[in-house]
Amino acid sequence: NPQLVVSQVPSPAFLSPGQLPSTPSLSVHPVVPQGQCVTLQCHSHCRFGMFRLYKVTGALIAELHSIMLQDSFLAGPVTPAHAGTYRCCGSYLGSSSVWSPPSDPLLIVVTGVYRKPSLSAQPGPLVKSEGNMTLHCRSEIQFESFVLHSEELSKAPWHLPGQPHREGSHANFIMGPVTAAHAGTYRCFGFLNHSFYEWSTPSDLLDIMITGENKLSLWAQLGAVLSSGENMTLSCCSESNFDVYRLPRDGQLCGHQLAEGQRHDGASWAHFLLGPAKPALGGTYIFHGSFNSSPCEWSGPSDPLYLSVTVGRIWANPYPHLSPDLSSRKPVK
């Protein structure tokens, strides 16, 4: 039997050509954004001179039911009508009445048919190893099913039935105990069961980081009294020779600062220049370290450092819940 594969998906939603299966089946879904083009190829060890590509489910597309003198076919720009299950078969030149058995079915999913859902993590995108997390996919549309896909895990997407709520629908993907394998980038989609090969626009990317046990040391280098406009540096130290140090603020991973680790006196250091003192620098800072070989696996957090800016001065307070009277405190040195 010949094999039908997707050989090229320019600018795919989340599936790159290197990830495409050589033997497609319904357990792996090549996903094509609406408006993109896709190349379908029919492979066989036999030296067939003609191929026939046809669609098993969904609306008929006349151009895909003609005989091809080559083993590939470019389809697109893709619309929801292109979504569905495909097969191909081959024949020798001069024997057009005799065709091979069909290839295994290949399901093509088209995304962008509906508005995108939102994806969030509970308790947050930083998850301690062996802990539990829930990825919450929510939409204002009454989807009957949701799909969660990880770009790192080599397995079929997770499917869950949608749960209706007052403002749409949602699904909770519960995971745990988590390991380093759960770290990575996630997206979710929604669809209706009667057209399971027509998905919504993907949600925004959500990065999940897995943290370990080892803690880091964090402190602020403030010098003397800092007036508005002067600079401040946060420094971090670890006995582990981390390649990269990361400085999220207020638990937000998006846009967190990075610094290269520097070896000195048997330890690894990093320094972060936060810039001129201004109220926008205020917040809770926590350091993490990681290695270049596993950027989604982070060290345990440092103790939090709370920075506040008032009347042109920066105050470092590791215990923000104590609510100190800043007017009576001396600046940190």
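Worth saying up front: this structure is predicted, and the values here are computed from it rather than measured.

A. Spatial organisation of the overall build of the protein chain. Summing up its helical and strand segments, the protein chain has zero helices and 28 strands in all. Contacts spanning at least 24 positions in sequence make up 66% of the contacts within the protein chain whose residues lie at least 6 apart. Approximately 16,700 Å² of the protein chain is accessible, and the part contributed by carbon and sulfur atoms is 53%.

B. A look at the state of the cysteines. Within this structure, the stated rule accounts for one disulfide. Two residues, Cys137 and Cys188, share a disulfide whose sulfurs are 2.0 Å apart. Torsion about the S-S bond of the Cys137 and Cys188 cystine: about 75°, corresponding to right-handed handedness. Taken together, the residues span a long stretch of sequence, with Cys137 in strand 11 (residues 133-139) and Cys188 in strand 16 (residues 184-191) at a distance of 51 residues. Accessibility classification places Cys137 together with Cys188 in one group, the buried group. Unpaired in this structure, Cys237 has its nearest cysteine sulfur neighbour in Cys236, at a distance of 7.1 Å. Overall, Cys237 belongs to the buried group, its relative accessible area being 18%.

C. Inspection of the packing of aromatic side chains at higher detail. By the definition in use, this model includes nine aromatic pairs. Pairwise contacts between aromatic rings join Tyr114, Phe143 and Phe146 into one cluster.

D. Quick look at the environment of Ala83. With respect to the helices, strands and loops of the structure, Ala83 is situated in the loop between strand 6 (72-75) and strand 7 (84-91). Between the C-alpha atoms of Ala83 and Lys55, which are 28 residues apart in sequence, the distance is 9.3 Å. When residues no more than four places from it in sequence are discounted, the contact partners of Ala83 are Lys55, Thr57, Ile108, Val110, Tyr197 and Glu198.

E. Geometry of the pairing of strand 8 (residues 106-111). The buried fraction of strand 8 amounts to six of the six residues, a majority that puts the element mostly inside the structure. By the alternation rule, side chains of strand 8 split into Leu106, Ile108 and Val110 and Leu107, Val109 and Thr111, which are all buried. Pairing of strand 2 (residues 31-33) with strand 8, which is carried by three bridges, proceeds in the parallel orientation. Paired with Val32 across the two strands is Val110, which belongs to strand 8.

F. Geometry of the pattern of salt bridges. Taken as a whole, this structure holds three salt bridges when the rule is applied. In this structure, Glu140 engages Arg115 in a salt bridge whose closest nitrogen and oxygen atoms are separated by 2.8 Å. Within this pair, whereas Glu140 is found in the loop between strand 11 and strand 12 (145-150), its partner Arg115 is found in the loop between strand 8 and strand 9 (118-122), the two being separated by 25 residues in sequence. Judged on exposure class, the residue Glu140 and its partner Arg115 are both exposed. Residue Lys116 pairs with Asp204 through a salt bridge whose shortest N-O separation is 2.7 Å. One end of the pair, Lys116, is in the loop between strand 8 and strand 9; the other, Asp204, is in the loop between strand 16 and strand 17 (206-211), with 88 residues separating them in the sequence.

G. Focus on the nonpolar core. Ranked by internal contacts, the top residues of the largest apolar core, which has 24 residues, are Val38, Leu40, Leu53, Ile108 and Trp199. Looking at this core, the elements that each hand over two or more residues are strand 2, strand 3 (38-43), strand 4 (50-55), strand 6, strand 7, strand 8 and strand 16. If one sorts the elements of this core by residue count, strand 8 sits on top with five residues. There are two domains that each give this core at least three residues, and those are domain 1 (25-110) and domain 2 (115-211). Counting 21 residues, the second largest nonpolar core, distinct from the first, contains Val127, Leu135, Leu148 and Tyr186.

Criteria and cut-off values
- Residues numbered from 1 in each chain as written.
- Predicted model: local features only at pLDDT ≥ 70, side-chain atom pairs only at ≥ 80, totals over all residues.
- Heavy atoms only, no water.
- Helix = DSSP H or I, 4+ residues; strand = E, 2+ residues; numbered from the N terminus.
- Contact = heavy atoms within 4.5 Å.
- Areas by Shrake-Rupley, 256 points an atom, 1.4 Å probe, with all protein chains shown as cover.
- Disulfide = S-S within 2.5 Å.
- Buried < 20%, exposed > 50% of the residue type's maximum accessible area, 1.4 Å probe, protein only.
- Phe/Tyr/Trp six-rings, centres within 6.5 Å; stacked < 30°, edge-to-face > 60°.
- Pairing = 2+ DSSP bridges.
- Salt bridge = Lys/Arg side-chain N within 4 Å of Asp/Glu carboxyl O.
- Core = buried A, V, L, I, M, F, W, Y, C linked by side-chain atoms within 4.5 Å.
- Domains from an automatic or database assignment.

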